[in-house]
Amino acid sequence: MSEVKIPAQLRAEFGKGSARRARREGRVPGVIYGHGAAPVHVTLPGHDLMLALKTPNVLISLDVEGKSELVIPKAVQKDPIKGFLEHVDLLQVKRGEKVSVEVPIHVEGELAPGGNLLEHVLNALPVEAEATHIPESVSVSVAGLEAGASVLAKDVVLPQGVVLAVDADAVVLQVLASQVEAAEDEAAAEGAEA
């Protein structure tokens, strides 16, 4: 995974008023925390941050007034209506350090014929990986799976150095029978009994 470099400015003012002023200037207020250090309050360029956050678990190299910090986004607050960034919490990491993150699941292949439905029990898989080698996603093949089949966390192939941070027997995906077919089968069974 590549690093995204973003310049940051330290914040001296706090509260709603200063946060609104920062947003009007196109900046997003944020907090850097981790490693037992005191939280550092910063503002970041909104457009650059929005582009960086399009990649899940992106590794960001912040230039905080001459000092470089490696961080990953931990919590992002967006305006529920307009969708612009309101605040971001960033977790400070070091190279070689293991972090717990959720990695999106990418589904490949087609289910067995018959109108079955695929239920995503987990949309993201909790894993533990080195901060500089977090996978962007994990792929799961559902080719040919029939109703009643499920994919467990232990069945997902993970890149080297990445381990599960969830129970190995946790269901990730499951295939459900179509409710229309189930209703037709029940109607046919009732007709045969009568």
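Quick note: structure is the one above.
Residues numbered from 1 in each chain as written. Predicted model: local features only at pLDDT ≥ 70, side-chain atom pairs only at ≥ 80, totals over all residues. Heavy atoms only, no water.

Some thoughts on the overall build of the protein chain
Note the cut-off: Helix and strand definitions follow DSSP, with helices as H or I runs of at least four residues and strands as E runs of at least two, each counted in order from the N terminus. All radius of gyration figures rest on C-alpha atoms, and the globule criterion is 2.2 Å times the number of residues raised to 0.38. Each residue is placed in one exposure class: buried if its accessible area under a 1.4 Å probe, protein chains only, is under 20% of its type's maximum, exposed if it is over 50%, and partly exposed if it falls in between. Contact between two residues is taken to exist if any of their heavy atoms lie within 4.5 Å; hydrogens are not considered. Throughout, the Shrake-Rupley method with a 1.4 Å probe supplies accessible areas, and for residues the shown protein chains are the sole cover considered.
If you tally the helices and strands in the protein chain, you get 3 helices and 13 strands. Over its C-alpha atoms the protein chain spans a radius of gyration of 23 Å, topping by over 25% the 16 Å that the globule rule assigns to 194 residues. Across its three principal directions, the C-alpha atoms of the protein chain cover 80 × 40 × 25 Å. Put simply, the protein chain has 194 residues, and 35% of those count as buried. Across the protein chain, the fraction of contacts at a sequence separation of at least 24, relative to all contacts at a separation of at least 6, is 64%. A total accessible area of about 11300 Å² is found for the protein chain, and carbon and sulfur atoms account for 51% of it.

Some remarks on the sheet that holds strand β8 (residues 117–120)
To be explicit about the condition: A pair of strands counts as paired when DSSP detects no fewer than two bridges linking them. Geometry is summarised by axes, namely lines fitted to C-alpha atoms with helices restricted to the contacting stretch, and by angles between N-to-C directions that run from 0 to 180 degrees.
One open sheet accounts for 3 strands, arranged β8-β13-β11; its pairing is antiparallel. The sheet is open, and its two edges are formed by β8 and β11 (150–152), each paired on a single side. Strand-to-strand twist across the sheet, computed as the mean angle between neighbouring axes with direction ignored, equals 15°. With 4 bridges connecting them, β8 and strand β13 (residues 171–176) associate as antiparallel partners.

Quick word on the pairing of strand β6 (residues 85–92)
The buried count for β6 comes to 6 of 8 residues, which makes it a mostly enclosed element. As paired strands, strand β5 (residues 67–78) and β6 are joined by 7 bridges and run antiparallel to one another. Residue pairing across strands places Gln 77 opposite His 87, the latter belonging to β6. Here β5 folds back onto β6, and the loop between the two strands holds 6 residues, one of which, Gly 83, carries a positive phi near 85°.

Overview of the pairing of strand β2 (residues 27–34)
The two faces of the sheet receive side chains in turn, since in a regular strand these alternate between them. With 7 of its 8 residues buried, β2 lies for the most part within the structure. Sheet topology places β2 next to strand β3 (residues 37–45); 7 bridges connect them, and they run antiparallel. From the neighbouring strand, Ile 32 faces β3, where its bridge partner is Val 40. Note that β2 and β6 share 4 bridges and pair parallel. Bridge pairing in β6 places Val 31 opposite Asp 89.

Any link to function would need more than the numbers given here.
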